[in-house]
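Coordinate analysis (summary)
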Amino acid sequence: MASEFISLFVIVAIAAVCPIVAKIIPNKLVPETVFLLVAGALLGPYMADVIILSDSVSMLSELGMAFLFLLAGYEINPKSLTGSQGKRGLATWVASIALAFLLVRYLTDFSVSHIDGIAVSIALTTTALGALMPILKERGLLGTELGDSVLAYGTWGELGPIFAMALLLSSRTTWQTFLVLAAFVVLAVVVAVIPSRARKAGTALYRFLQENADTTSQTVMRVTIVLLVGLVTVSAVFELDAVLGAFAAGFVLRYVLPEGNKSLELKLDGIGYGFLIPVFFIVSGARIDLSAVIAQPVMLVAFIASLLLIRMVPIVVSLSTSRDGCEMPWHNRLSVAFYCTTALPLIVAVTSMATKAGALPASTASVLVAAGAITVFLMPLLANITYRVVDAKPLEAAHEIKEHPHDLNAIIHDHMELERAAVEARRRRLREVARSSFGPWGRRK
């Protein structure tokens, strides 16, 4: 018991320090998540062995992953799935999974007829939407054209692999899996419809929950936790991955509260990002065997390159051929594609399933998770550079430097100020939208 508390103390200490370290780096070029992963890897059982991955710590990590996908599902607007961009996002993901199976089939030693190759194929099509949400919020991109596109394409990059995991990595026959999924979907719909109707009818129970939402009873928060843990438990009973239950809980919560609830969202962020989600990322890092990663650098680079080919290229093509996407500047299309190539949580989930089934060596899983961790740093960085460099108007700067080479420092400073002004304008616009969207009771107008 003492060793478990020591491990937990180390984890929460890392979680407290990492935001400070991330803040020191100018322009927040390195997301906080990267520091959580690296610290976990360095202090985990494969290196310093300070963090012990006991059952208790693993359970907290699972809850952290559940909260991450709950918040991701809650943030998704149904229009992201059914709108024109959402439909193209689905088509793009289907193209990505087809490319992934072809690549794994012909260019690797994995077999697409077995769990190892299927798991790798699915991992190559993922988008870490849950990990991206705080990054997009920090950079003031939510509510912008670029942010909406990331959500539209990224939603299917998260939802598609979740269903693919349930269908293709199950030990059941295909028809049994379809029946189980259908039963789960029916249950989720029932869980969503009953409280939604109770809310619209203004029943006594609903009024009680609302009246005590911000008291010591925290009724709405407790019911939300019941929803999350309940659907995750049903997923476990049905032998589905916990990710499906957590994601479904987020969708259900959004259906019940379509206009949102700022008070509840702040509490969920507090528990999730304040405690459980950092635990998930640190424990994910602790499960990476750095010696195995160092021993297989070719596989590491190849997996990241494959992600760029399979996930990024179809998105750029889709945006460049759609009517809405064609109106988007080229650098914004690249930024959307870079963001949507960020992958980690689902790579952790899919490799864990394959490893537990004995189909994927732990060393290979470490390499794939490490590659996913690198994308959390690399892809948002490339997206940010692509997006922000254009704000600085580099071509105009080059022309001015050519005309007035002696004013080099002043020209660079002026164009960096242009970029900073553009970023601040986006953040100010986002704050104004947020203020106008919420009423006095924390509800969206």
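This section reports on the structure supplied with the text. (Residues numbered from 1 in each chain as written. Predicted model: local features only at pLDDT ≥ 70, side-chain atom pairs only at ≥ 80, totals over all residues. Heavy atoms only, no water.)

Topic: the overall build of the protein
For the protein, the count of helices and strands is 21 helices and zero strands. Taking 2.2 N^0.38 as the reference for a compact globule, 445 residues should give roughly 22 Å; the C-alpha atoms of the protein span a radius of gyration of 22 Å, in line with that estimate. Principal-axis analysis of the C-alpha atoms gives the protein an extent of 70 × 55 × 50 Å. Out of the 445 residues belonging to the protein, those deemed buried represent 50%. Look at the contacts in the protein between residues 6 or more apart in sequence, and 77% of them connect residues 24 or more apart. (Helix = DSSP H or I, 4+ residues; strand = E, 2+ residues; numbered from the N terminus. Rg over C-alpha atoms; globule rule 2.2 N^0.38 Å. Buried < 20%, exposed > 50% of the residue type's maximum accessible area, 1.4 Å probe, protein only. Contact = heavy atoms within 4.5 Å.)

Overview of the nonpolar core
One broad rule of soluble globular proteins: the nonpolar side chains tend to lie buried together. Counting residues in each nonpolar core, the largest one holds 129 residues, and the members touching the most others are Leu124, Phe281, Phe303 and Tyr339. Non-local contacts of Phe281, meaning those with residues more than four positions away in its chain, are made with Thr33, Leu36, Leu37, Leu68, Ala131, Leu344 and Pro345. (Core = buried A, V, L, I, M, F, W, Y, C linked by side-chain atoms within 4.5 Å.)

Things to note about helix α9 (residues 174-201)
It helps to recall that an α-helix has 3.6 residues per turn; residues three or four apart then point in one direction. For α9, built from 28 residues, the straight-helix expectation of 40 Å at 1.5 Å per residue is met to within 8% by its first-to-last C-alpha distance of 40 Å. Here α9 has its buried residues at Thr177, Val180, Leu181, Phe184, Ala188, Ala192, Ser196 and Arg199. Against α8 (145-168), α10 (204-211), α11 (219-237) and α12 (242-256) lie the buried residues of α9. (Expected span 1.5 Å × (residues − 1).)

Some thoughts on the pattern of salt bridges
Summed over all chains, the structure comprises two salt bridges. Between Glu259 and Arg199 there is a salt bridge, and its shortest N-O distance comes to 2.0 Å. With Glu259 in the loop between α12 and α13 (262-286) and Arg199 in helix α9, this residue pair connects regions lying 60 residues apart in the sequence. Both residues of the pair, Glu259 and Arg199, count as buried. (Salt bridge = Lys/Arg side-chain N within 4 Å of Asp/Glu carboxyl O.)

Thoughts on unusual backbone geometry
Residues other than glycine seldom take positive phi values, yet Gln218 does so here, at roughly 45 degrees. Following the sequence through the fold, Gln218 ends up in the loop between α10 and α11. A positive phi angle, near 60 degrees, is found at Glu239, a position not held by glycine.

Re the packing of aromatic side chains
Tallying each qualifying case throughout the model produces three aromatic pairs. On the basis of an interplanar angle of 55 degrees and a centroid distance of 5.2 Å, the ring pair of Phe280 and Phe281 is categorised as tilted. With respect to class, Phe280 is no different from Phe281; both count as buried. Taking NZ or CZ as reference, Arg105 lies 4.9 Å from the ring centre of Tyr106, over its face. In this structure, Arg254 is placed above the aromatic ring of Tyr74, and the distance from its NZ or CZ to the ring centre is 4.0 Å. (Phe/Tyr/Trp six-rings, centres within 6.5 Å; stacked < 30°, edge-to-face > 60°. Lys NZ or Arg CZ within 6 Å of the ring centre and 35° of its normal.)

A word on α13
Taking 1.5 Å per residue as the helical rise, α13 with its 25 residues ought to reach 36 Å, and the 34 Å between its terminal C-alpha atoms agrees with that figure. At Tyr273, α13 is bent by approximately 40 degrees, the largest bend along its length. Here α13 starts with a cap whose side-chain oxygen sits 3.2 Å from the backbone nitrogen of Ser263, and that cap is Asn261. (Bend = angle between axes of the 7 residues up to and from the residue. Polar contact = N/O pair within 3.5 Å; in protein donor to acceptor, adjacent residues only side chain to side chain.)

Description of the side chain of Thr351
Position of Thr351 relative to the elements: it lies in helix α18 (residues 345-356). The contact partners of Thr351, leaving out residues within four places of it in the chain, are Leu360, Ala365, Leu368 and Val369.

Thoughts on the environment of Val50
Locating Val50 in the fold gives a position in the loop between α2 (32-43) and α3 (55-75). A relative accessible area of 32% means that Val50 is categorised as partly exposed. For the pair Val50 and Arg287, spaced 237 residues apart in sequence, the C-alpha separation works out to 13 Å. Contact partners of Val50, with chain neighbours within four places excluded, come to Ser7, Val10, Leu43 and Gly44.

A few points about a nonpolar patch on the surface
Judged by side-chain polarity, Val38, Leu42, Tyr46 and Met47 come together as a nonpolar surface patch covering roughly 370 Å² of accessible area. For Leu42, the location among the structural elements is in helix α2. Relative accessible area serves as the criterion here: at 43%, Leu42 is assigned to the partly exposed category. (Patch = residues over 30% accessible without salt bridge, like charges linked within 9 Å, V, L, I, M, F, W, Y side chains within 5 Å. Areas by Shrake-Rupley, 256 points an atom, 1.4 Å probe, with all protein chains shown as cover.)

Regarding the packing of α3 against α12
Running from N to C, α3 and α12 point in directions that differ by 40 degrees, and their axes come no closer than 7 Å. As far as their axial angle goes, α12 and α3 are oblique. For the pair α3 and α12, the crossing hand works out as right-handed. Facing α3, whose interface residues are Glu62, Met65, Ala66, Phe69, Leu70, Ala72, Gly73, Tyr74 and Glu75, α12 presents Ala242, Val243, Ala246, Phe247, Ala249, Gly250, Phe251, Leu253 and Arg254. (Axes fitted to C-alpha atoms, helices over the stretch in contact; angles between N-to-C directions. Parallel < 35°, antiparallel > 145°, perpendicular 65-115°, else oblique. Left-handed = near helix turned anticlockwise from the far one by under 90°.)

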